[in-house]
Amino acid sequence: AQVAMFAIEFVLKVVAEGRKPWRYFVGQNAKWNVIDFAVLVACLIPGLSRFARIVRVASLSKLVSSVITLNIVIEGLLLGIYNMFYVILLLVLVFYIFAVGAIMLFRANDPWHFLNLGRALTSLLRCTTGDDWTDIMYINLYGCDRYPYYENGYYELTGMQCTSPKHHGLVSAAFFVTFQVIASLVMINLFVGIVTSGINEVMGRVQRAMSDEEKFNNMCQLIGIQGHQAQMYRLLFKLADEDKSGRMSL
């Protein structure tokens, strides 16, 4: 059934080209048409049919380029990811500093969460997700012997001993609240800001391109240039615009 649908789609696209059916392979959408035709041929080969269908489904990504709004969002996300490197580096530094500080302050009282660097980083990551991060704070605020997570001197899930209970009071509260504000609120807002900035930049680029295209079409209508002549002038301009600035250097 799928092969039949692919074949019908191919025939309809070729028929739509009228008296010039070869434009299916050399026209504006030639790249995707060639892929679709190759998938159709591969579907007829028993050993390649399953793989070809997967490629055919993946080729639906061409919809991204045809929907302007979706294209802007995707390009903005990619641009944001590219610009996130230094924010991620800063986030790693924040995690490392707080992990070392937590080991120095809370390891004796709460060895389950802060016995070593690995446990400390994992526990801080749990805090950023909001998964009962207050329990970790209360263990070190009241002491492991006074908080319900520890019963009779043993951690209720692992049996790890609470040998050196110590309540840190406001130090624990200040430590974890500060970490939550920096890691969960400030950093997330930075990520959102970077993605939003990327989308705005791509949107501005698209709007400028649409404005230039409208000016070009108006100029062509004014001086009587139509059809393939306008396409030829557009191609010549792209070739002359070596620095991609939108202007020709004479």
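Look above for the structure.
On a predicted model such as this, the values are computed, not experimentally measured, just so you know. (Residues numbered from 1 in each chain as written. Predicted model: local features only at pLDDT ≥ 70, side-chain atom pairs only at ≥ 80, totals over all residues. Heavy atoms only, no water.)

Trainee: Where do I start with the overall build of the protein chain in this structure?
Mentor: Within the protein chain, the regular secondary structure consists of twelve helices and two strands. In sequence order, the secondary structure elements of the protein chain are arranged as α-α-α-α-α-α-α-α-α-α-β-β-α-α. Looking at the protein chain as a whole, 30% of its 250 residues are labelled buried. Counting only carbon and sulfur atoms, one obtains 66% of the accessible surface of the protein chain, whose full area is about 16900 Å². (Helix = DSSP H or I, 4+ residues; strand = E, 2+ residues; numbered from the N terminus. Buried < 20%, exposed > 50% of the residue type's maximum accessible area, 1.4 Å probe, protein only. Areas by Shrake-Rupley, 256 points an atom, 1.4 Å probe, with all protein chains shown as cover.)

Trainee: For this particular structure, what's the right way to read a nonpolar patch on the surface?
Mentor: Taken together, the side chains of Leu90, Leu93, Tyr96, Ile97, Leu117, Leu121, Val177, Val181, Leu185, Val186 and Leu190 define a hydrophobic patch exposed on the protein surface, amounting to about 900 Å² of accessible area. Of all the elements in the fold, those that place two or more residues in the nonpolar patch are helix 7 (85-106), helix 9 (117-129) and helix 11 (170-223). Among the elements that line the nonpolar patch, the one with the most residues is helix 11, at five residues. (Patch = residues over 30% accessible without salt bridge, like charges linked within 9 Å, V, L, I, M, F, W, Y side chains within 5 Å. Salt bridge = Lys/Arg side-chain N within 4 Å of Asp/Glu carboxyl O.)

Trainee: Is there a simple way to explain the packing of helix 7 against helix 11 in this structure?
Mentor: Helix packing geometry: the angle between the two helix axes and the distance between the axes. Where helix 7 contacts helix 11, the two axes come as close as 11 Å, and the packing angle between them is 170°. Compared by their axis directions, helix 7 and helix 11 come out roughly antiparallel. Residues Val87, Ile88, Leu90, Leu91, Val94, Phe95, Phe98, Gly101, Ala102, Leu105 and Phe106 of helix 7 form the contact with helix 11, whose own contacting residues are Val171, Ser172, Phe175, Phe176, Thr178, Phe179, Ile182, Ala183, Met187, Leu190, Phe191 and Ile194. Grouping the amino acids of the contact of helix 7 with helix 11 by side-chain chemistry returns 20 nonpolar, three polar and no charged. (Axes fitted to C-alpha atoms, helices over the stretch in contact; angles between N-to-C directions. Parallel < 35°, antiparallel > 145°, perpendicular 65-115°, else oblique. Contact = heavy atoms within 4.5 Å. Nonpolar A, V, L, I, M, F, W, Y, C, P; charged D, E, K, R; others polar.)

Trainee: Got a minute to help me understand the packing of aromatic side chains in this structure?
Mentor: When we look at a pair of aromatic rings, we describe it by the centre distance and by the angle of the planes. Evaluation of the coordinates by the stated rule reveals ten aromatic pairs. Judged by centre distance (5.2 Å) and plane angle (80°), the rings of phenylalanine 175 and phenylalanine 176 are edge-to-face. Given the relative accessible area of 1%, phenylalanine 176 is considered buried. An aromatic cluster is defined as three or more aromatic residues linked by ring pairs; in this entry it consists of Phe95, Phe98, Phe106, Phe114, Phe175, Phe176 and Phe179. (Phe/Tyr/Trp six-rings, centres within 6.5 Å; stacked < 30°, edge-to-face > 60°.)

Trainee: For this particular structure, what's the right way to read the environment of isoleucine 188?
Mentor: Among the structural elements, isoleucine 188 can be located in helix 11. The exposure class assigned to isoleucine 188 is partly exposed, which follows from its relative accessible area of 43%. Through-space distance from the C-alpha of isoleucine 188 to that of valine 87 is 10.0 Å; in sequence the pair is 101 residues apart.

Without other data, these values stay purely geometric and don't point to any function.
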